[in-house]
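Remarks on the overall topology
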Amino acid sequence: MQAPLDLRLLATFVRAAHSGTLSATAIQVGRTQSAVTMQIQRLEEALGQSLFHRSGSGVRLTGNGERFLAYAERILKIHDEAVSALSDKGLRGSMTFGSPEDYLIAFFPTLLKSFGNIHPDVEIKVVSAPTVELRTLLHSRQIDLALVSIPDASASRDIVRTEALVWVGSKPTLELHNFGDTVPLALPASNAMDHRAACDAMARAGLRYRISYASNSLAGLIAVARSGLAVSVMTQEAVPPDLFVLTSPLPQLSRLGVLIAFADSERSPAVEAFANHIRRVLPSL
């Protein structure tokens, strides 16, 4: 009789499948890269199948890996639902969750729906604000937990996802001469990481620019980008389908690390459950 599959191995496999690198997976699960490699090997040995093609640039699923990914995700989902359904009277409570606007648009609908299916009696209030403001709200205990960004995507073992910052415009290419060789930028307010990343990248590349519009409203930045009067910066997942990601001659932008931050107070079971849900679901969105 074949031994049962270890849920921890399944969770590591799912993260590796979505991240595409074992180094990123190691950061997400809080283990060394060698430990993650051993977990994947154990799972492959248990199944008698190779799940990944390995290369210097990362890993990609084999045909059997693609097939098994769907089963692994279903097993983990059913496990969570079963534990919740049979735990006393179910989880109850309320919390206030904070997030930058672009993460809310890209990820929160799926996170809220999937968490609500498991814990329907937990109320979640939402606050949208830039990372610097969210940290202030956490410190003053006005919110319970938040998704926040850090500028170095490899600087923390607590990162649950990385996000690429990209230049965004109304046309697929940028012709500098249309702006007199001075690029007009539509950026978040100056205390935002996106703002600093854009200005630093332009300075390093020796390109001239001016801030023609500054706002923490993602809708405002999108509107200016659509007008064609300026180039904006946002996370790649937040780019609307009618706008274009711009590359050369603009310099490459850094990646952000996304992590969960908590208020300096005792965490309720509901807060812990939602944080664990984010850690499990967010990497695959």
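Structure first, text after, so check above.
A brief report on the enclosed structure follows. (Residues numbered from 1 in each chain as written. Predicted model: local features only at pLDDT ≥ 70, side-chain atom pairs only at ≥ 80, totals over all residues. Heavy atoms only, no water.)

1. What to know about the nonpolar core
In this structure, Phe-97, Leu-145, Trp-167 and Phe-274 are the most contacted members of the largest nonpolar core, which totals 43 residues. A total of seven residues in this core trace back to one element, the largest contributor, which is helix α9 (residues 269–281). Discounting residues that sit within four places of it in the chain, Phe-97 has contacts with Leu-104, Phe-108, Ile-124, Lys-125, Val-126, Val-127, Leu-145, Ala-146, Leu-147, Phe-274 and Ile-278. Among the nonpolar cores identified, the runner-up in size contains 19 residues, and Val-36, Leu-51, Phe-52 and Leu-61 belong to it. (Core = buried A, V, L, I, M, F, W, Y, C linked by side-chain atoms within 4.5 Å. Buried < 20%, exposed > 50% of the residue type's maximum accessible area, 1.4 Å probe, protein only. Helix = DSSP H or I, 4+ residues; strand = E, 2+ residues; numbered from the N terminus. Contact = heavy atoms within 4.5 Å.)

2. Notes on the pairing of strand β2 (residues 58–61)
In this structure, strand β1 (residues 52–55) lies alongside β2, joined through four bridges in antiparallel fashion. Looking at the pairing, Phe-52 lines up with Leu-61 of β2. Where β1 hands over to β2, the hairpin turn is made up of two residues, counted between the paired strands. (Pairing = 2+ DSSP bridges.)

3. Brief notes about the packing of aromatic side chains
Counted by the stated rule, this structure contains six aromatic pairs. Ring centres of Phe-13 and Phe-68 lie 5.3 Å apart, and the angle between their planes is 50 degrees; this geometry places the pair in the tilted category. Of this pair, Phe-13 sits in helix α1 (residues 7–19) while Phe-68 sits in helix α4 (residues 63–85), placing them 55 residues apart in sequence. The exposure class of Phe-68 is buried, given its relative accessible area of 11%. Measuring from ring centre to ring centre gives 6.1 Å for Tyr-103 and Phe-107, while their planes differ by 35 degrees; the resulting arrangement is tilted. Within this pair, Tyr-103 and its partner Phe-107 are both found in helix α5 (residues 101–118), separated by four residues, close to a single helical turn. One aromatic cluster is present, built from ring pairs that chain together Phe-97, Phe-108, Phe-115 and Phe-274. (Phe/Tyr/Trp six-rings, centres within 6.5 Å; stacked < 30°, edge-to-face > 60°.)

4. Considering the pattern of salt bridges
Following the criterion strictly, the structure yields seven salt bridges and no others. Residue Arg-42 pairs with Asp-6 through a salt bridge whose shortest N-O separation is 3.9 Å. Of the two residues, Arg-42 is situated in helix α3 (residues 33–47) and Asp-6 in the segment before α1; the sequence distance between them amounts to 36 residues. Across the pair Arg-161 and Glu-163 runs a salt bridge, and its minimum N-O distance is 2.3 Å. (Salt bridge = Lys/Arg side-chain N within 4 Å of Asp/Glu carboxyl O.)

5. Re the packing of α5 against α9
Two elements in contact, α5 and α9, have axes whose closest approach is 10 Å; the angle formed by their N-to-C orientations is 125 degrees. Between α5 and α9, the angle falls in the class oblique. Both α5 and α9 take part in a crossing whose hand is right-handed. Taken together, the residues of α9 that come into contact with α5 (itself represented by Phe-108, Leu-111, Ser-114, Phe-115 and Ile-118) are Ala-270, Ala-273, Phe-274, His-277, Ile-278, Arg-280 and Val-281. Here the contact of α5 with α9 is built from residues that sort into nine nonpolar, two polar and one charged. (Axes fitted to C-alpha atoms, helices over the stretch in contact; angles between N-to-C directions. Parallel < 35°, antiparallel > 145°, perpendicular 65-115°, else oblique. Left-handed = near helix turned anticlockwise from the far one by under 90°. Nonpolar A, V, L, I, M, F, W, Y, C, P; charged D, E, K, R; others polar.)

6. Remarks on the environment of Ser-248
The residue Ser-248 is located in the loop between β10 (244–246) and β11 (255–262) in this model. Each C-alpha atom of the pair Ser-248 and Thr-173 lies 8.2 Å from the other, and the pair is 75 residues apart in sequence.

7. Here we look at the packing of α1 against α3
For the pair α1 and α3, interaxial distance at closest approach is 9 Å and the crossing angle is 110 degrees. Considering their axes alone, α1 and α3 lie roughly perpendicular with respect to each other. In this structure, α1 meets α3 at a crossing whose hand is left-handed. Only Val-36, Gln-39, Ile-40, Arg-42 and Leu-43 of α3 make contact with α1, whose side of the interface consists of Arg-8, Leu-9, Leu-10, Thr-12, Phe-13 and Ala-16. A per-class count over the contact of α1 with α3 returns seven nonpolar, two polar and two charged.

Any functional reading would require information beyond the geometric quantities listed.
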